[in-house]
Structure formats: C-alpha cells, structure tokens
Amino acid sequence: DFNVKPDSGEGLFVQGSSGNVGIGTTSPASSLDIEDNVDGDFVAIQVTNTHSTDDTDDSVSIRFSPDNAQLNSARIRVGKDEDYSTGANNSAHMAFHTTKDNGSHERMRISAAGNVGIGTTDPNYLLHVNHPTGAAEIFLSRDDDATTDGAFLGTLSFGADDPVDGTFNRGASIHAEAGDDWG
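Every chain begins its residue count from 1, and numbering advances along the sequence as written. Selection of residues for local features in this predicted model requires a pLDDT of at least 70, selection of side-chain atom pairs for listing and counting requires 80 or more, and totals for whole chains, interfaces and linings are taken over all residues. Side-chain descriptors were evaluated using all non-hydrogen atoms of the structure, hydrogens and water having been removed beforehand.

Considerations on the overall build of the chain
Then step 1. Only runs of H or I of at least four residues qualify as helices and only runs of E of at least two qualify as strands under DSSP, and these elements are numbered from the N terminus. Helix and strand counts for the chain stand at zero helices and twelve strands.
Then step 2. Across the chain, helices and strands are ordered from the amino to the carboxyl terminus as β-β-β-β-β-β-β-β-β-β-β-β.
Then step 3. It is over C-alpha atoms that the radius of gyration is taken, and the globule rule equals 2.2 Å times the number of residues to the power 0.38. In terms of overall size, the chain is more extended than a compact globule, its C-alpha atoms giving a radius of gyration of 24 Å where 183 residues would be expected to give roughly 16 Å.
Then step 4. Overall, the chain is about 70 × 50 × 45 Å in size when its C-alpha atoms are taken along their principal axes.
Then step 5. Relative accessibility thresholds used throughout: buried, under 20% of the residue-type maximum; exposed, over 50%; partly exposed, between the two (1.4 Å probe, protein chains only). In the chain, buried positions account for 15% of the 183 residues.
Then step 6. Residues count as neighbours in contact if any of their non-hydrogen atoms are within 4.5 Å of one another. Restricting the contact set of the chain to residue pairs at least 6 apart, pairs at least 24 apart contribute 18%.
Then step 7. About 13300 Å² of surface is accessible on the chain, with carbon and sulfur atoms providing 50% of the total. Accessible areas in this description were obtained via Shrake-Rupley with a 1.4 Å probe; residue shielding takes into account the shown protein chains only.

Section: the pattern of salt bridges
Then step 1. Take a side-chain nitrogen of Lys or Arg and a carboxyl oxygen of Asp or Glu: if they are within 4 Å of each other, that pair is a salt bridge. Inspection of the entire model under this criterion finds three salt bridges.
Then step 2. Asp-58 serves as the salt-bridge partner of Lys-80, at 3.4 Å between the closest nitrogen and oxygen. Note that Lys-80 is positioned in strand S6 (residues 74-80) and Asp-58 in the loop between strand S4 (32-34) and strand S5 (59-64), a separation of 22 residues in sequence. Take Lys-80 and Asp-58: they sit in the same class, and that class is buried.

Focus on the pairing of strand S7 (residues 92-100)
Then step 1. In this scheme, strands are said to pair when DSSP sees at least two bridges between them. Here S6 pairs with S7 via seven bridges, running antiparallel. If you follow Ala-74 over to S7, its bridge partner there is Thr-98.
Then step 2. In the sheet, S7 pairs with strand S8 (residues 103-110) via seven bridges, with the strands oriented antiparallel. Across the sheet, residue Phe-96 finds its bridge partner in S8, namely Met-108.
Then step 3. Hairpin connection of S7 to S8: two residues between the antiparallel strands, including Asp-101 at a positive phi of 50 degrees.

Some remarks on a nonpolar patch on the surface
Then step 1. Patch membership is restricted to residues that have no salt bridge and whose relative accessible area is over 30%. Joining uses 9 Å for like charges and 5 Å for the nonpolar side chains Val, Leu, Ile, Met, Phe, Trp and Tyr. A surface patch of nonpolar side chains, amounting to about 780 Å² of accessible area, comprises Phe-2, Val-4, Leu-12, Ile-23, Leu-32, Ile-45, Val-47, Ile-62 and Phe-64.
Then step 2. Locating Phe-2 in the fold gives a position in strand S1 (residues 2-4).
Then step 3. Judged by its relative accessible area of 47%, Phe-2 is partly exposed.

Focus: the sheet that holds S6
Then step 1. Taken together, six strands build an open sheet; the order of strands is S5-S6-S7-S8-S9-S10 and the sheet is mixed. Bordering the open sheet on either side are S5 and strand S10 (127-129), each of which pairs with just one other strand. Taking the axes of each pair of neighbouring strands and ignoring which way they run, one obtains an average angle of 25 degrees across the sheet.
Then step 2. The sheet contact formed by S8 and strand S9 (residues 116-118) spans three bridges and is antiparallel. Paired with Ile-110 across the two strands is Val-116, which belongs to S9. Interaxial angles span 0 to 180 degrees and are taken between N-to-C directions of axes, which are lines fitted to C-alpha atoms, for helices over the stretch in contact.

Some remarks on the environment of Met-108
Then step 1. Mapped onto the fold, Met-108 is located in strand S8.
Then step 2. For the pair Met-108 and Val-129, spaced 21 residues apart in sequence, the C-alpha to C-alpha distance is 9.3 Å.
Then step 3. Each residue touching Met-108, except ones within four places of it in the same chain, is listed here: Met-94, Ala-95, Phe-96, Val-116, Gly-117 and Ile-118.

Focus: the sheet that holds S1
Then step 1. Ordered in space as S1-S2-S3-S4, the four strands form an open sheet in which the pairing is mixed. With one partner strand each, in any of the chains shown, S1 and S4 form the two edges of the open sheet. Each strand of the sheet is rotated relative to its neighbour by a mean of 10 degrees, with strand direction disregarded.
Then step 2. Relative to strand S3 (residues 21-23), strand S2 (residues 12-14) runs antiparallel, the two sharing three bridges. Paired with Val-14 across the two strands is Val-21, which belongs to S3.

Have a look at this one:
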C-alpha cells in the first residue's frame, strides 16, 4: 500500500493488492474511488483544457472504451459556443459521441440554452430530432402484452404548467390504441 496523507482527513491511497486508487478513502472499491464529505455540490473531477484562445475550436472530452483495441468508442465532449473573450461570451455545449464503422459521430447535443438535439448540432427547440436521410422517427413502446384491439398504448400530451400552482394543463393529446389483434 502507498498513502500520501494531508494533516487531516484522507489523501491519496494506492491499494497494493488490487492497484485501486482512493482519493479521500483508504478503501477504494474500484479502479478510482473519489470520496469527500461535502455539504452541497461536490465536484469530484475537474477536466480543463488550459489552451486559451478567443475562438470556438477548443473543447475537452472524456473518452470511454470497452477494450484496448478501440480507444475511441464513445466520448462526452464540452465545447465552446462563443469565444470566451469576455464573461458575456462564455457559453458551452455538451455533445455525446458514439463510434460506428470505426468513425466517431456526434449523436446528441445539449446546447448552452438547454435545447437537446438528436441528429443535429444546432437544436432550435427544447427537443429537436433530425434524421439526415429520411423522416425522423420517435418510437414509444410498452413492455406488456397490450396487443388486443382497442388496447391503450400511450399518450403524447401538449400543454403548459400553471404558473401559479405548477399543475400541468393539458391543451391537446394524441392517444394511441391497438387497431387489430396483433399476433
């Protein structure tokens, strides 16, 4: 075991038998175990690109790989939307990438405004779904045997939250029912 300990609390600990690393713990349960006793928001890992230019090309990523043959399987990337030259020009997005046929592709983005885009890097709506080669399809399903004629499958509701009491006021709904016995 190897332990670097500050004057109080736990520091950096490497467990000799497993090689697990603990920060804030001497009993790391995984390859990297970070613990702290904090009242409120706990930022366990800070990942920073210190290259400071006034452009929008800089980003920082966390990569994931299921084995060592493909080191670019998936990643979460945070990138600049503005040049960061002033506090007013300080907006960023988060993008989720997966790999298909050995190429990394952005699949979903959360914009600085909070809009979610699937199939688009510039979501203009709260949820913006785009399919580059055909009709965008959203599939909703249920996991039981509601397959008989008239069985209720689901509802897509449109409305708004009441600003006074927070209740959802439904303006319109699309209900789906099974048409014939499926089989």
